[in-house]
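What follows is each chain in one-letter form.
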Amino acid sequence: MKCNIICGPAANLADGNLEQVRNNYCRKTKLLNATKFGIQVAWSSSWSPASLGYQLENNGLKGEAVPLNYLLGAWIAHQEDPDKWFEFRSETIREWVAIVTKGRGSNDSWPGPQWVKSYQVRWSNTGEEGDWYDVDKGKVFNANTDNNTPVRNNFENTVHARILRIAIKQCNIYCSMRVDALFLSLIHI
């Protein structure tokens, strides 16, 4: 388990009892994967019956995750969708720290290898129009350059939100990806 230690304000060290301060104010954080933790997902569109999103939707499983280790496919946005997005929806506010993407999981994908080249990330607590905010001041994140290498993009500042949306900007052939979002969870020590 990879953990970081987060401590309270330095002013708490004034009494000189570092051990007591650690017991009262410090917490360990554990990095968790949204897809392994059961966070629900949604998307703007699905391309075809070959698309994972389409398969999940038509088998009553819309809302299931698209794991990075999924070998034979990906979420594929419909080509004519002008506003392509994929989002993670938590029931509670999470402390989001990064996005990890891979391209479509097949070397023989027609008409060729597919992946997302760049995206922006937005967040919301309600999902309502007008209640969306840019992560890292609207930064465009560079994503994949092939369909099998995972690319992790860390946020400059953690994002406290229920919903994290990946807004696709550029793609190679079709907008196809396997994706995960990483968030922190506090563990009392």
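Quick note: structure is the one above.
This text gives an overview of the structure that appears in the document.

**Some words on the overall build of the protein**
Counting secondary structure elements, the protein contains 3 helices and 10 strands. Counted from the first residue to the last, the protein has its helices and strands arranged as β-α-β-α-β-α-β-β-β-β-β-β-β. Per-residue burial over the protein gives 47% buried out of 189 residues. Here the analysis covers contacts within the protein between residues at least 6 apart in sequence; of these, 76% occur between residues at least 24 apart.

**Points about the side chain of Lys84**
Relative to the helices and strands, Lys84 resides in the loop between strand 4 (75-76) and strand 5 (85-102). Look at Lys84: it is buried, it has no salt bridge, and the nearest opposite charge is Asp81 at 5.7 Å. A polar contact is formed between the side chain of Lys84 and the backbone oxygen of Asp81, at a distance of 2.5 Å. When neighbours within four sequence positions are excluded, Lys84 is seen to be in contact with Ser44, Ala77, His78, Gln79, Ile166, Ala167, Ile168 and Cys175.

**Comments concerning the state of the cysteines**
One pass over the full model with this rule turns up 1 disulfide. Put simply, Cys171 and Cys175 are joined by a disulfide, and their sulfur atoms are 2.0 Å apart. Sign of the S-S torsion, about 100° for the bond between Cys171 and Cys175, identifies this disulfide as right-handed. For Cys175, a relative accessible area of 11% gives the class buried.

**Examining the pairing of strand 5**
Regular strands have side chains that alternate between both faces of the sheet. Most of strand 5 sits out of view: 13 of its 18 residues are buried. Of the strand pairs in this sheet, strand 3 (residues 40-43) and strand 5 are connected by 4 bridges, and their pairing is antiparallel. Bridging from a neighbouring strand, Gln40 pairs with Arg89 of strand 5. With 12 bridges joining them, strand 5 and strand 9 (residues 151-172) adopt antiparallel strand pairing. Of the residues in strand 9, the one forming a bridge with Glu95 is His160.

**What to know about the nonpolar core**
Ranked by internal contacts, the top residues of the largest apolar core, which has 29 residues, are Phe88, Trp96, Ile99, Phe155 and Leu164. Going through the elements one at a time, strand 3, strand 5, strand 6 (115-124), strand 9 and strand 10 (176-188) are the ones with two or more residues in this core. Broken down by element, this core gets its largest block of residues, 7 residues, from strand 9. The residues touching Leu164, leaving out its near neighbours within four places in the chain, are Phe86, Glu87, Phe88, Trp96, Ile99, Val121, Arg122, Trp123, Val135, Phe155, Val159 and Ala181. Formed by 5 residues, the second largest nonpolar core is a distinct cluster that contains Val97, Ala98, Leu182 and Leu184.

Reading the values: the criteria
Residues numbered from 1 in each chain as written. Predicted model: local features only at pLDDT ≥ 70, side-chain atom pairs only at ≥ 80, totals over all residues. Heavy atoms only, no water. Helix = DSSP H or I, 4+ residues; strand = E, 2+ residues; numbered from the N terminus. Buried < 20%, exposed > 50% of the residue type's maximum accessible area, 1.4 Å probe, protein only. Contact = heavy atoms within 4.5 Å. Lys, Arg positive; Asp, Glu negative; His and termini not counted. Salt bridge = Lys/Arg side-chain N within 4 Å of Asp/Glu carboxyl O. Polar contact = N/O pair within 3.5 Å; in protein donor to acceptor, adjacent residues only side chain to side chain. Disulfide = S-S within 2.5 Å. Pairing = 2+ DSSP bridges. Core = buried A, V, L, I, M, F, W, Y, C linked by side-chain atoms within 4.5 Å.

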